[in-house]
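Now for the letters of each chain:
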Amino acid sequence: MIVLGIETSCDETGVGLVQDGRLVDHVVAKQDIHAKYGGVVPELASRQHIKKIYPALDTLLNKTGISLEEIDGIAVTRGPGLIGPLMVGSLFGRGLAVALQKPFVNVNHLFGHIVSVFFSEKKLEFPFIVLLASGGHTMLILYWDIFKPQVLGETLDDAAGEAFDKAAVLLGLPYPGGPHIDKLAQQGASAKYSLPRPQIPGFDFSYSGLKTAFRYLVEDISRQGLDKLEAEKPHLAAAIQKAIIDHLFDKIEKAVEEYGLKRVAIVGGVAANSYFRKRLQEKEAEGWETAAPPLPLCVDNGAMIAMAGWLKLKNGITSPLDEPPTPRLPLNEYL
Ligand code: KG4
Ligand code: ZN
């Protein structure tokens, strides 16, 4: 079965094809227009999706040699996300489903991120722990079975990716800042500056205190001159990166211990972070089994929606054509 996935929840126009649980290929059209605003402008994102969605699909079909008629089902992100962008993808997908007379299924974006782990070459047996960290969400999940993710904890304020992005703004780096911090940090020494580690009970996360501490630190260094700040940027990037990832690891390790489970996957945009991936990999020496999606499938993409759609359609789950997209969609209420 070949499933087309369509992702338009934020500022990436993503289309992907999955055949029998395997990636065929995917195309992500990036929207550079937001960089100069330092964040995603929803109205501009909607217009960009309208412009880019058909060319993205056309490119994908040309690349793969698969025709529209060969597609067996259409999966679309229903939410959570920005409502305008979601509506573009949703209407486009439903239009295709009607025109091609193929089954249609809505997908929770968060479920899409979770099942992106199945694109990893490493296969983990259920149950396993999943840390989902993106620009909008940070969640620790106990993943019992395909349709049984149990949320153990989530962020009480900023998401991990948001913490990267806000720290990047303070360092004068372009949006989205996560990949820029990742790169800059490779030339820095994280130990040069100490930052507080959030102390949150249970499996929840919090990044607001760390964000404030980092702002004070950067302001303090700026007062010593702009040259000084410029010279310190790699060390500052390394320090904030380590603090953000340490907090994620604290909770992962706590779950590994409490549930006696040494199988851990990381997904979402922050799972593309090279330091995070290295730290996870190192845990294999302690007997952990770990997995992460290939880099391009960590950030928003249509392939993960195709994977989720394939899983749903294969299990006989479809959606009515009048089920609308919605900006808020909790994982535990709708997959
Ligand atoms: O999953 P995603 O594409 O979108 C959401 O669903 O939010 O995640 C985007 C987030 C952004 O905050 C971006 O800065 C972060 O993932 N990100 C990274 C890296 N690549 C993307 N953060 C740290 N290091 C990276 N290499
Ligand atoms: Zn996402």
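Refer to the preceding data block for the structure.
Basis of the calculations
- Residues numbered from 1 in each chain as written.
- Chains lettered and ligands numbered in written order.
- Predicted model: local features only at pLDDT ≥ 70, side-chain atom pairs only at ≥ 80, totals over all residues.
- Heavy atoms only, no water.
- Pairing = 2+ DSSP bridges.
- Helix = DSSP H or I, 4+ residues; strand = E, 2+ residues; numbered from the N terminus.
- Axes fitted to C-alpha atoms, helices over the stretch in contact; angles between N-to-C directions.
- Patch = residues over 30% accessible without salt bridge, like charges linked within 9 Å, V, L, I, M, F, W, Y side chains within 5 Å.
- Areas by Shrake-Rupley, 256 points an atom, 1.4 Å probe, with all protein chains shown as cover.
- Salt bridge = Lys/Arg side-chain N within 4 Å of Asp/Glu carboxyl O.
- Lys, Arg positive; Asp, Glu negative; His and termini not counted.
- Charge placed at Lys NZ, Arg CZ, Asp CG, Glu CD.
- Buried < 20%, exposed > 50% of the residue type's maximum accessible area, 1.4 Å probe, protein only.
- Donors = N, O, S within 2.8 Å, 3.2 Å for Na, K, Ca; no water.
- Tetrahedral: all angles 85-135°; square planar, octahedral: opposite > 155°, others 65-115°.
- Disulfide = S-S within 2.5 Å.
- Near = heavy atom within 4 Å.
- Polar contact = N/O pair within 3.5 Å; in protein donor to acceptor, adjacent residues only side chain to side chain.
- Nonpolar A, V, L, I, M, F, W, Y, C, P; charged D, E, K, R; others polar.
- Contact = heavy atoms within 4.5 Å.

(A) Region of interest: the sheet that holds strand 6 (residues 128–133). Read from one edge to the other, the open sheet built from 5 strands follows the order 8-7-6-9-10, with strand pairing classed as mixed. Each of the sheet's edge strands pairs with one partner strand only, and the pair in question is strand 8 (148–154) and strand 10 (289–291). With strand direction ignored, the average angle separating the axes of adjacent strands in the sheet is 25°. Bridge count between strand 6 and strand 7 (residues 138–145): 6 bridges; the pairing is antiparallel. Paired with alanine 133 across the strands is threonine 138, a residue of strand 7.

(B) Representation of a negative patch on the surface. Among the surface-exposed residues, Asp20, Glu69, Glu70 and Asp72 lie close enough to one another that they form a single negatively charged patch. Within the secondary structure, glutamate 70 is located in the loop between helix 1 (42–64) and strand 4 (73–79). For glutamate 70, a relative accessible area of 40% gives the class partly exposed.

(C) How the structure looks around the coordination of the zinc ion (ligand 2). Summarising the metal site, the zinc ion (ligand 2) is bound by the protein donors His109 (NE2), His113 (NE2) and Asp300 (OD), whose distances to it range over 2.0 to 2.1 Å. Relative to the metal, the 4 donor atoms surrounding the zinc ion (ligand 2) lie at angles of 96 to 134°, and the coordination shape comes out tetrahedral. Sequence spacing of the donors to the zinc ion (ligand 2): H-x3-H-x186-D. Of this pair, histidine 113 sits in helix 3 (residues 109–115) while aspartate 300 is found in the loop between strand 10 and helix 9 (302–314), placing the two residues 187 residues apart along the sequence. In this pair, the class of histidine 113 matches that of aspartate 300, namely buried.

(D) Molecular detail of the state of the cysteines. Under the counting rule described, the total for this entry stands at 0 disulfides. Sulfur of cysteine 298: no disulfide; nearest cysteine sulfur belongs to cysteine 10 and is 16 Å away.

(E) Representation of the site of ligand 1 within the structure. Taken together, 19 residues surround ligand 1, and among them Gly135, Asp165, Asp182, Asn273 and Asp300 come closest. One of the backbone N or O atoms of glycine 161 is found 3.1 Å from an oxygen atom in ligand 1. Contact distances for ligand 1 include 2.9 Å between an oxygen atom and a backbone N or O atom of aspartate 300. Protein contact buries 89% of the 550 Å² of open area that ligand 1 shows by itself. For the shell around ligand 1, the secondary-structure elements that each account for two or more residues are helix 3, helix 4 (160–170) and helix 5 (178–185). Looking at the shell around ligand 1 residue by residue, the classes come out as 7 nonpolar, 9 polar and 3 charged.

(F) Spotlight on the pattern of salt bridges. The tally for this structure, following the rule as stated, stands at 20 salt bridges. The residue glutamate 284 makes a salt bridge to lysine 122 at a minimum N-O spacing of 2.7 Å. You can see glutamate 284 sitting in the loop between helix 8 (274–282) and strand 10 and its partner lysine 122 sitting in the loop between helix 3 and strand 6, a full 162 residues away along the chain. The partner of aspartate 158 in a salt bridge is lysine 166, with the nearest N and O atoms 3.3 Å apart. Taking the relative accessible area as the measure of exposure, aspartate 158 reaches 7% and is therefore buried. Each of Asp158, Glu162, Lys166 and Lys211 takes part in a single network of salt bridges with overlapping partners.

(G) Molecular detail of the environment of serine 116. Positionally, serine 116 belongs in the loop between helix 3 and strand 6. It is 7.2 Å that separates the C-alpha atoms of serine 116 and methionine 307, two residues lying 191 residues apart in sequence. Residues in contact with serine 116, not counting those within four places in the same chain, are Val267, Pro293, Leu297 and Met304.

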